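Per-entry structural report
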Amino acid sequence: MRKTEIQRPSSAKRTLLLIAIIIIGFNLRPAITSVGPLLGTIRDELGLSNWSAGLITSLPLIAFAAMSTVAARLGNRFGNMRMILTGLILLTVGIIIRSVAYTPLLFIGTAMIGLGIALMNVLLPAFIKEKFPGKVGRMTSIYSTAMCIFAAAASGVSIPLASGAGLGWELSLGSWVLLSAAGAVLWIVVMRREDPVPEDEMKVFVARKQKGLFGSMLAWQVTLFMGLQSFGFYTLVSWLPQILTDYGFTPSAAGWVLSIAQMVSIPSTFIAPLLAEKFSHQSGIAGAAGLMYALGYGGLLLGGSHAFLIVSSMLIGLASGATISLSLAFLGMRARDGRQAGQLSGMAQSIGYLLAATGPIAIGLIYDMTGSWTIPLAVLTGMCLLLTASGIGAGRNKFVGEPQPEESV
C-alpha cells in the first residue's frame, strides 16, 4: 500500500478549529447540570415522584447510551463534522421543547438533548485524534475544562435565573439555547472552511482490520472507568442539592455548593490529561482520582458540620474533574488512530452511559424506599472503589484491538 502524508490543518484553520472545539465543550453539560438545583421545583410543580424526577437527569444518559452505539458509524458515513453539527441542532431543539411546562414535552426534550450531546461526546475525541494526533492530552484538557466551566456555571445560576430574575424553571433551563445556537453557527463556519479529505488518503486511513473491542480487557476497563465516573458525576448533579438540603442547607446554598464542587473540578480537569500525557502509564493518576472520589462520598455518608460537608463535596468535585478528563483522554490514548478512537469512544460511552443512567434513578429509588441517604451514599462510596480499580487497569500503556493492515498492493 502506498503511504501518503495525511495533510494537517494550517495554523489559521487549527486556531479556528480550537475555538470551535472549545465552544462544543461549552455545550456538553449546561443543559444537564442546570437541572439539579431546580429538580425539587420541577418535581413539585409537575407532581413527580423522586425516582421519576431522577429520570430527568438519567434520560439524557439513556439517550447517550443509545446514540453512542451508532454515533461512530454515523460519523464514518456522513463525516464527523456534519454529525457534530447535527448534535448541536438536536441539542438546540431539545432545549426549546423541554422548556414547556408539560410533562411529556419535558421528557421528549430531555431525550433530544441527550441524543445531541451523545453525538458530540462520541465524535469529538475521534475528531481530535484525527486533527491533533500528537496533542490528544492537551486538546482533551482544553475542551473538558471548557465543559466543566459551563457545567459549574449552569448549576450556580439556575436558581438565581428562575427565582431572582423571575424567569421560572422553564426559561431558566431554556436560556441555554443561546449557547447551543451560537455553537451551531460557528460550527457551520468551520465546516465551510474545511478542505475535503482526498480519496486516497481516506483509503489509507480506513484500510485496516480492527480486532473486536468487545474482546479486549483494556477496552472494558476504559468503558467501566467511563461509566463509573459518569455514575458518580450525574448522581452528584442530581441529588447533592437534596442531600445537603436534608442536612440543613437552604436550597439556594445547596445549589451553590454544587456549583462550587464543579468549579473546583476545573483545575483537576485541566491538569489530569496534561500529567497523563507526560507518563507512559496513567494508572497512578487514575487510581488516586478514584480514591479521592471515595473519600468525598464517604464524607457525605459520615455527615457532620456544614464546613465538613462542603469539603467532602469539593473532594468529589476535584475527583470528578480528573476522572472525566482522564476517561476522555483514554479514548485517544488507548487507540492507534482516529477511526479506532471513534470505535472505542462508541463502546465506552454507549455501555458506560447506560451504567451511568442507573445512577440518579437508583439512588432516588433507594432514598424513596429507605427515607435516608445512608444506604445511597454507602452504595456510591463502594462504586468509587470499583472506579479506582478500573482506572488502574485503563491507565496501562497499551492499545486496544491491535490493528492489522490489509495486504500491500
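The structure presented is a predicted model; accordingly, all values stated were derived computationally and were not measured.

Brief notes about the overall build of the protein
The number of helices and strands found in the protein is 17 helices and two strands. Scaling as 2.2 N^0.38, a compact globule of 409 residues should have a C-alpha radius of gyration of about 22 Å, and the protein matches this with 21 Å. For the protein, the spread of C-alpha atoms along the principal axes amounts to about 70 × 40 × 30 Å. A total of 409 residues make up the protein; the buried ones form 57% of that total. Considering only contacts in the protein between residues 6 or more positions apart, those separated by 24 or more positions represent 85%. The averaged location of the 17 negative side-chain charges in the protein is 6 Å from the averaged location of its 27 positive side-chain charges.

Let's talk about the confidence of the model for the protein
For the protein, per-residue confidence averages 84 on the pLDDT scale, and residues scoring 70 or more make up 91% of the total. Scored below 50 in pLDDT, residues 198-210 makes 29 contacts in the model with residues more than four places away or belonging to other chains. Per-residue pLDDT stays below 50 along residues 403-409; that stretch engages in 12 contacts with residues further than four places along the chain or on separate chains.

Some details on the environment of Ala341
Of note, Ala341 is situated in helix 16 (residues 338-370). Judged by relative accessible area, which is 0%, Ala341 ranks as buried. Taking the C-alpha atoms as reference, Ala341 lies 19 Å from Gly87; in sequence the two are 254 residues apart. Ignoring sequence-local partners within four residues, the contact set of Ala341 consists of Ala126, Lys129, Leu331, Gly332 and Ala335.

Observations regarding the packing of helix 11 (residues 217-246) against helix 16
Running from N to C, helix 11 and helix 16 point in directions that differ by 30 degrees, and their axes come no closer than 7 Å. Accordingly, the angle class assigned to the pair helix 11 and helix 16 is roughly parallel. In the crossing of helix 11 with helix 16, the sense of the turn from one axis to the other is right-handed. Among the residues making up the contact of helix 11 with helix 16, the classes are represented as 19 nonpolar, 10 polar and one charged.

As for the state of the cysteines
One pass over the structure, following the stated rule, counts zero disulfides. Among the cysteines around Cys148, which has no disulfide bond, Cys384 carries the closest sulfur, lying 16 Å off. Residue Cys148 is classed as buried on the basis of its relative accessible area, which comes to 9%. Its relative accessible area of 0% is what places Cys384 among the buried residues.

Here's the deal with the pattern of salt bridges
When the charged atoms of two side chains lie near each other, side chains of opposite charge can form a pair. On inspection of all chains with the given rule, the structure shows two salt bridges. Asp44 serves as the salt-bridge partner of Arg43, at 3.2 Å between the closest nitrogen and oxygen. Look at Arg43 and you get buried, because its relative accessible area is 18%. Ionic pairing is found between Arg138 and Glu277, a salt bridge with its closest N-O pair at 3.2 Å. Pair noted here: Arg138 is in helix 7 (residues 136-164) and Glu277 is in helix 13 (residues 265-278), with a separation of 139 residues, a long-range link. Since its relative accessible area comes to 40%, Arg138 is described here as partly exposed.

Quick notes on the nonpolar core
Counting residues in each nonpolar core, the largest one holds 116 residues, and the members touching the most others are Trp187 and Tyr297. Looking at this core, the element that brings in the most residues is helix 11, giving 15 residues. Beyond its immediate sequence surroundings of up to four residues, Trp187 is in contact with Ala20, Ile21, Ile24, Met81, Ile84, Leu85, Leu88 and Phe127.

Some remarks on helix 15 (residues 306-333)
Taking 1.5 Å per residue as the helical rise, helix 15 with its 28 residues ought to reach 40 Å, and the 40 Å between its terminal C-alpha atoms agrees with that figure. Counting buried positions along helix 15 gives 20 out of 28 residues, so the element sits mostly inside the fold.

Focus: the side chain of Thr323
For Thr323, the location among the structural elements is in helix 15. A relative accessible area of 0% means that Thr323 is categorised as buried. Excluding residues within four positions of it along the chain, Thr323 makes contact with Phe225, Gln229, Ala289, Tyr293 and Leu387.

Topic: the environment of Val311
Turning to its location among the elements, Val311 is positioned in helix 15. It is 20 Å that separates the C-alpha atoms of Val311 and Thr33, two residues lying 278 residues apart in sequence.

The rules behind each value
- Residues numbered from 1 in each chain as written.
- Predicted model: local features only at pLDDT ≥ 70, side-chain atom pairs only at ≥ 80, totals over all residues.
- Heavy atoms only, no water.
- Helix = DSSP H or I, 4+ residues; strand = E, 2+ residues; numbered from the N terminus.
- Rg over C-alpha atoms; globule rule 2.2 N^0.38 Å.
- Buried < 20%, exposed > 50% of the residue type's maximum accessible area, 1.4 Å probe, protein only.
- Contact = heavy atoms within 4.5 Å.
- Lys, Arg positive; Asp, Glu negative; His and termini not counted.
- Charge placed at Lys NZ, Arg CZ, Asp CG, Glu CD.
- pLDDT = per-residue confidence, 0-100.
- Axes fitted to C-alpha atoms, helices over the stretch in contact; angles between N-to-C directions.
- Parallel < 35°, antiparallel > 145°, perpendicular 65-115°, else oblique.
- Left-handed = near helix turned anticlockwise from the far one by under 90°.
- Nonpolar A, V, L, I, M, F, W, Y, C, P; charged D, E, K, R; others polar.
- Disulfide = S-S within 2.5 Å.
- Salt bridge = Lys/Arg side-chain N within 4 Å of Asp/Glu carboxyl O.
- Core = buried A, V, L, I, M, F, W, Y, C linked by side-chain atoms within 4.5 Å.
- Expected span 1.5 Å × (residues − 1).

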